[in-house]
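Results of the structural survey
What follows is the residue order along each chain.
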Amino acid sequence: MKTSSFFLLMATLAFLPVANAADITGVITFKGTPPAEKEITPIMDDANCNVGYTKAPLTHFYAVGAKGELADVVVSLKGITGKSTGASAAPVVLDQKGCLYVPTILAVQTGQKIVVKNSDSCVHNVHNKPTVDGNKESNDVQMPGGADLTYTFAKPEPFLKFQCDVHPWMFAWVTVFDSPYFAISDKDGKFTIKNVPPGKYTVEAVHRKLGTLTQEVEVKDAGASASFTFEAK
Amino acid sequence: MSKTAPNKSNPWLFRFAILTAFVTFLLIGLGGLVTSHGAGMSVPDWPNTYGYNMFTFPISKWVGGIFYEHTHRLLASAVGLLTTVLAVWLWLADTRKWMHWLGLAALLGVIAQGILGGLRVTMRMDSLGVFHATIAQLFFILICAMTLFTSRFWIELAGGKRAFFVSRSLRTLVLATTFLIFAQLIIAATMRHQHAGLAIADFPLAYGKIWPATNPTAVASYNARRVSVTEEAPVTAFQIKLQMAHRVVALAIFILVAACAWQAWRRLGGKDSLAKLAIFWLALMFAQIALGAWTIWSNKAADVATLHVMVGALSLVTGALWCIIGFGRSAASLPDAQTSGVFGVQTSMLANK
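Structure report, in brief. The structure presented is a predicted model; accordingly, all values stated were derived computationally and were not measured.

Thoughts on the overall build of chain B
A count of helical and extended segments in chain B gives 11 helices and 0 strands. The linear arrangement of helices and strands in chain B, starting from the amino end, is α-α-α-α-α-α-α-α-α-α-α. Computed over its C-alpha atoms, the radius of gyration of chain B comes to 22 Å, within 12% of the 20 Å expected for a compact globule of 353 residues. On the principal axes, the C-alpha backbone points of chain B span a range of 70 × 55 × 25 Å. Of the charged side chains in chain B, 27 are positive and 11 negative; the average position of the first set lies 9 Å away from that of the second.

Below, the structure is given as structure tokens:
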């Protein structure tokens, strides 16, 4: 009797529908005219930095494509905490190249390593400036050809600033999440938040200059989509 | 030299004090350049520089922001040395005991200022920069006052030769204006050390209005439109209000200094040294307001902003010296001043010249 009950239970479970984790995808667009970017002229005045440049590079606060595609928007699931897998996640690389940070907008999980490289032939100081208690500020020298520097942050924090004070036009902004559910929009404005468990969520899109937009979604087997349009202010 | 012996002006001591004051003024300018270039943290260690002894750091490595921060440290060391020599010289050669203590105060001040500057780097605290900048102004006043006290002008003044009563109301007006300038410099240091760039990018209007909106929507809109090469932190409503306060206080200072100059001219006559100093003060105000406007119109160009800092320091020290001379001269004009001595200078000192 007991054996038959066990098989009956197994058969029932086998035929129950099982919900799988799925992706949230979307596109970010920008409506309006962004402010004009500025030439980073000091880079051309610095003999250590102007190598490889024929003209001054531009700031890139608004990475807007021809059809309004908006890159560098940090998209995440609002209110998800305590789910970080940062300790086992692959490190994220932040390079210093041509006296600029590459990329300038990035995101990591709490405990996930950020590896800072110096691909330049000049010295940089890597100065991060967290504002949330529990995240430690540091200011380290990185000589040309010097060893990579590694940083981790314990607490979630939006747009934690990395800067080089030797070259005061160099900045990068790292958003730290307490979960793996985030993405950054690419040059086509597209993003994908991977492996989201089924359920209802608030998707939050944050642009450093344009602020925050949110949208409610329900993730099912086929995933979900959420698109956002930022408008010029 | 006996400490009770009559004092006489020592031209070389006076010249050395002028040198110390001048190098201190340059140091304030170089400190201004460090902040204007956002280079305060470009040398992460202290008292060493990138692991080197500060004085052996190779010139080839003085690049980018390091140049400003490192030369600031070297010039600060020079001011420390000059102040030490000045303090020792005063202790040995000046008969006025209070001058010994002023020298010692200057020495302790420059040491404290150096340590504060170092802690601002090692503790990575922007707020310490405000204190560092403020103490720099006070130290500059102290060195300039010591320079004045070592001058022949002061010896003669204290001896009654230049004694001339300056009305209490005029002295009070100048003193109050000087305090207001000091308050203004604290506001300015607070603005600069928040590293938020220009909180308001237009002048004479502010975001197109006489008084800008500071609600969250308006501030978000201002930040969205800000594009800056040096990528400052977003501005806050507090920073906007602080810059508006800076503008309002600037206007008040200008009116007060104009009133001081007018009153000094009217009451003391155009040939009087204090009247001339007050006119110079007013000229500084014109320059300072022009530089303030230019700082905004140039999107806070580092050299322009630094000139604004330097003229601000000169304005403060001019007011302070006017007060010292005005109060000293009035005290020397009192009937019993010649026998009791003013600021420790006896009339008999003049007999030595």
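Side note on the overall build of chain A
Helices and strands together make up the secondary structure of chain A, namely 2 helices and 17 strands. The buried share among the 233 residues of chain A stands at 46%. If the 22 positive side-chain charges of chain A are averaged to one point and the 23 negative ones to another, these points end up 5 Å apart.

Some thoughts on the side chain of Ser36(B)
Residue and element names in this part refer to chain B. Note that Ser36 resides in helix 1 (residues 11-36). A distance of 3.2 Å separates the side chain of Ser36 from the side chain of Arg192, its partner in a polar contact. If near-sequence neighbours (up to four positions away) are discounted, Ser36 is found in contact with Arg192, Ala302, Ala305 and Thr306.

Describing the side chain of Asp165(A)
Looking at the secondary structure, you find Asp165(A) in the loop between strand 10 (157-163) and strand 11 (171-177). Among the polar contacts made by the side chain of Asp165(A), one reaches the side chain of His127(A) at a distance of 3.0 Å. The residues contacting Asp165(A), other than those within four sequence positions of it, are Asn125(A), His127(A), Asn139(A), Gly38(B), Ala39(B), Met41(B), Ser42(B) and Gly65(B).

With respect to the nonpolar core
Of all hydrophobic cores here, the largest spans 63 residues; its most connected members are Leu86(B), Phe149(B), Leu268(B) and Trp322(B). Not counting residues within four places of it along the chain, the set of residues in contact with Phe149(B) comprises Arg96(B), Trp98(B), Met99(B), Leu102(B), Trp154(B), Ile155(B) and Ile324(B). If you look at the next biggest cluster of nonpolar residues, it comprises 33 residues, including Ile43(A), Tyr151(A), Met170(A) and Val63(B).

Section: unusual backbone geometry
Cis peptide bonds are those with omega within 30 degrees of zero, and the linkage from Trp46(B) to Pro47(B) qualifies with 5°. Mapped onto the elements, Pro47(B) comes out in the loop between helix 1 and helix 2 (64-93). The omega torsion of the bond from Phe203(B) to Pro204(B) falls at 10°, within 30 degrees of zero and hence cis. Phi at Phe159(A) is positive, roughly 50°, even though this residue is not glycine. Inspection of the secondary structure puts Phe159(A) in strand 10. Even without being glycine, Lys300(B) reaches a positive phi, approximately 60°. Looking at where Lys300(B) falls in the secondary structure, it is placed in the loop between helix 9 (273-297) and helix 10 (302-333).

Describing empty space enclosed by the protein
On inspection of all chains with the given rule, the structure shows 1 cavity of 30 Å³ or more. As a volume, the largest cavity reaches approximately 270 Å³. Surrounding the largest cavity, 19 residues form its lining, His60(A), Phe61(A), Thr104(A), Phe171(A) and Glu231(B) being those nearest its centre. Of the residues in the lining of the largest cavity, the class split is 10 nonpolar, 5 polar and 4 charged. Three or more residues apiece are contributed to the lining of the largest cavity by two domains, here domain 1 (20-79 + 185-233) and domain 2 (81-180) of chain A.

Brief notes about the sheet that holds strand 10 of chain A
All names here are of chain A. Pairing in this open sheet of 5 strands is mixed, and the strands run 5-11-10-7-8 from one edge to the other. Looking along the sheet, the strands with just one partner apiece sit at the ends: strand 5 (105-109) and strand 8 (138-142). Neighbour-to-neighbour, the strand axes of the sheet open up by a mean angle of 25°, direction not taken into account. Across 5 bridges, the pairing between strand 10 and strand 11 is antiparallel. Note that in strand 11 the partner of Gln163 across the bridge is Phe171.

Definitions and cut-offs
Residues numbered from 1 in each chain as written. Chains lettered and ligands numbered in written order. Predicted model: local features only at pLDDT ≥ 70, side-chain atom pairs only at ≥ 80, totals over all residues. Heavy atoms only, no water. Helix = DSSP H or I, 4+ residues; strand = E, 2+ residues; numbered from the N terminus. Rg over C-alpha atoms; globule rule 2.2 N^0.38 Å. Lys, Arg positive; Asp, Glu negative; His and termini not counted. Charge placed at Lys NZ, Arg CZ, Asp CG, Glu CD. Buried < 20%, exposed > 50% of the residue type's maximum accessible area, 1.4 Å probe, protein only. Polar contact = N/O pair within 3.5 Å; in protein donor to acceptor, adjacent residues only side chain to side chain. Contact = heavy atoms within 4.5 Å. Core = buried A, V, L, I, M, F, W, Y, C linked by side-chain atoms within 4.5 Å. 1 Å grid on protein atoms, 1.4 Å probe; cavity = no way out; pocket = protein on both sides within 12 Å on 5 of 7 lines; lining within 4 Å. Points joined across faces, edges and corners; volume = space filled by probe spheres on them. Nonpolar A, V, L, I, M, F, W, Y, C, P; charged D, E, K, R; others polar. Domains from an automatic or database assignment. Pairing = 2+ DSSP bridges. Axes fitted to C-alpha atoms, helices over the stretch in contact; angles between N-to-C directions.

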